[in-house]
Amino acid sequence: MTIDVKEVSEKDKRSVLHPFTHLKDFATGKLGEPTIVETGKGIRIQDAHGNELIDGFAGMYCVNVGYGRTEVAEAISRQAYRLAYYHCYAAHTTDELANLSDRLVKMAPGKMSKVFYGMSGSDANETQAKLVWYYNNLRGKPNKKKIISRERGYHGCSVVSGSMTGMRFYHDYMDLPLPQIVRTGAPHHYWGATPGETEGEFSARRAVELDQLIERIGPNNVGAFIAEPVLGTGGITPPPEGYWKAIQAVLDKHDVLLIADEVITGFGRTGSMFGSQHYGIEPDLITVAKGLTSGYFPLSAAIVGEKVYKVFEDGADKVGAFSHGYTYSGHPIGAATANAVLDIVEKDNLAGNAREVGAYFQAQLKKTFAQLPIVGEVRGVGLMGAIEFVSDRDSKTRFDPSLKVGARISKAARDRGLIVRPMPHGEILGFAPPLVTTKAEIDDIISITEKAVGSVM
Ligand code: PLP
């Protein structure tokens, strides 16, 4: 298929409202022409000019099985021919949906019971908030509604999930956050620790702060705590030592539900199937999206734990039907896609690959960049990692944001054939390649990044 690049660019500029894009700079051409992404194979995408790029970010941390998997494309096509759509309201189902749900309940960490489906991580977290409120209403605790999230957490950008997101620029001019959402400190040792404070001490302090916050609001007013096992968009930051154990104890003490937002960490990225397993977290509710279908179809899920679900079922005589759902909840093509993707994840042991190749990736990242005078921290787990650039590593002085160091390095990498992402909150370069990435491909990623850093600094 030949694409008329000029025509597509013009139509795009005329008609697409692009997310997370400076609209004036785009309209005036300062951002250049749109990149028309045409094909993908393995860990690479190709644009309409024939340029090949290594995708060091798996699209948006989602194309875990890599591009161009015929097994998945065939599963989508088969299901579309067989039954393109039917809803799952009022006890309707499909074989793919029932199989997927059974599989997710069995593979998920903790004691899970049921799966509710949406189309995006944002709407799944929106659902989680409603489930927490429903649960506490049914339990006769109508005030237990506040949801605590963390600074720098990312949970989406719809009204509730956007409020859970702990980054101001997602709120400004959008009338967020909602008052039901309360914030606690980020688990970011590098910037958050006091001088000399160890990771363990810092984690303990964060847990005490959470405890004090809950006491201040009143435990009877706090319904849930939502967090990513590994902070993602907030800077790809694994939790400091002892963090999750200390936090979980506070939540248990105050009867506060834990929502593990596994939208990035679910299905292998950390080297374990779920981030919760990697860090010994016992969630009550789990959010998954992205890796569930590797981005081949929009599908998300709120996985509901036994403790929470039992209250729903017991309350049914009182409230009637569970009145929440979307036209596309449990979409049969989404379910068929997820089953085909999870077959690959399991058959090819992609969590194992993320563990093994991830260990190599983390070692190479540290070896190549950690000692540079402009690198404050190199961090990560499995196949997700970050380099944080500072103007002076000894005094931990940040770069002047107007220098746009992260964005320039990312652009320099792209000019050399690699997509890596500049992240908010400083000059951070983020990596999250597909889980099928090999050690040789990691070498390519590291070597291009090294050249890009050298060209800018
Ligand atoms: N939760 C986490 C941890 C995410 O990283 C994201 C997206 O990046 C979301 C939720 C929102 O997912 P979506 O963009 O599919 O709405």
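Residues numbered from 1 in each chain as written. Predicted model: local features only at pLDDT ≥ 70, side-chain atom pairs only at ≥ 80, totals over all residues.

Under an unreviewed UniProt entry, the name given to the protein is Aminotransferase class III-fold pyridoxal phosphate-dependent enzyme, and the organism recorded is Bradyrhizobium diversitatis. Under Sequence similarities (unreviewed entry), UniProt gives the following word-for-word description of the protein: "Belongs to the class-III pyridoxal-phosphate-dependent aminotransferase family." (UniProt positions renumbered as here; feature names shortened; annotations may be inferred.)

Explanation requested: the packing of helix α15 (residues 405–415) against helix α16 (residues 439–456) in the structure shown.
Two quantities define a packed helix pair, namely the angle between the helix axes and the distance between the axes. The contact between α15 and α16 brings their axes to 8 Å, and the two run at 125°. Taken together, the axes of α15 and α16 are oblique relative to one another. Judged by the sense of rotation from one axis to the other, the crossing of α15 with α16 is right-handed. Contact with α15, carried on its side by Val405, Arg408, Ile409, Ala412 and Ala413, involves Ile448, Thr449, Ala452, Val453, Ser455 and Val456 of α16 and no other residues of that element. Residues that form the contact of α15 with α16 fall into these classes: 8 nonpolar, 2 polar and 1 charged. (Axes fitted to C-alpha atoms, helices over the stretch in contact; angles between N-to-C directions. Helix = DSSP H or I, 4+ residues; strand = E, 2+ residues; numbered from the N terminus. Parallel < 35°, antiparallel > 145°, perpendicular 65-115°, else oblique. Left-handed = near helix turned anticlockwise from the far one by under 90°. Contact = placed C-beta atoms within 7 Å. Nonpolar A, V, L, I, M, F, W, Y, C, P; charged D, E, K, R; others polar.)

Got a minute to help me understand the domain arrangement of the protein in this structure?
Put simply, an interface is often sized by how much accessible area is lost when its parts join up. The assigned domain composition of the protein is domain 1 (35–65 + 349–456) and domain 2 (72–347). One C-alpha centre belongs to domain 1, the other to domain 2, and the line joining them spans 26 Å. Tallying the contact residues gives 28 residues for domain 1 and 27 residues for domain 2. When contributions to the side of domain 1 that touches domain 2 are tallied by element, the ones reaching two or more residues are α3 (58–61), α14 (350–369), β11 (375–381), β12 (384–389) and β15 (427–431). (Domains from an automatic or database assignment.)

Looking at this structure, how should I read the site of the ligand?
The local shell around the ligand holds 15 residues, among which Ser120, Gly121, Ser122, Gly156 and Val263 are the closest. Among the elements that make up the shell around the ligand, the one with the highest residue count is helix α6 (residues 121–138) (3 residues). Counted by class, the shell around the ligand contains 5 nonpolar, 8 polar and 2 charged residues. (Near = placed C-beta within 6 Å.)

Even after reading the chapter, I still don't get the packing of helix α9 (residues 199–217) against helix α10 (residues 243–253), so can you show me in this structure?
Remark: α9 packs on α10, axes separated minimally by 8 Å, with the N-to-C direction vectors making an angle of 20°. For the element pair α9 / α10, the angle class is roughly parallel. Here α9 runs over α10; the crossing is right-handed. Contact residues: α9 offers Ser203, Ala204, Arg206, Ala207, Leu210, Asp211 and Ile214, while α10 offers Tyr243, Ala246, Ile247 and Val250. Taken together, the residues of the contact of α9 with α10 break down into 8 nonpolar, 1 polar and 2 charged.

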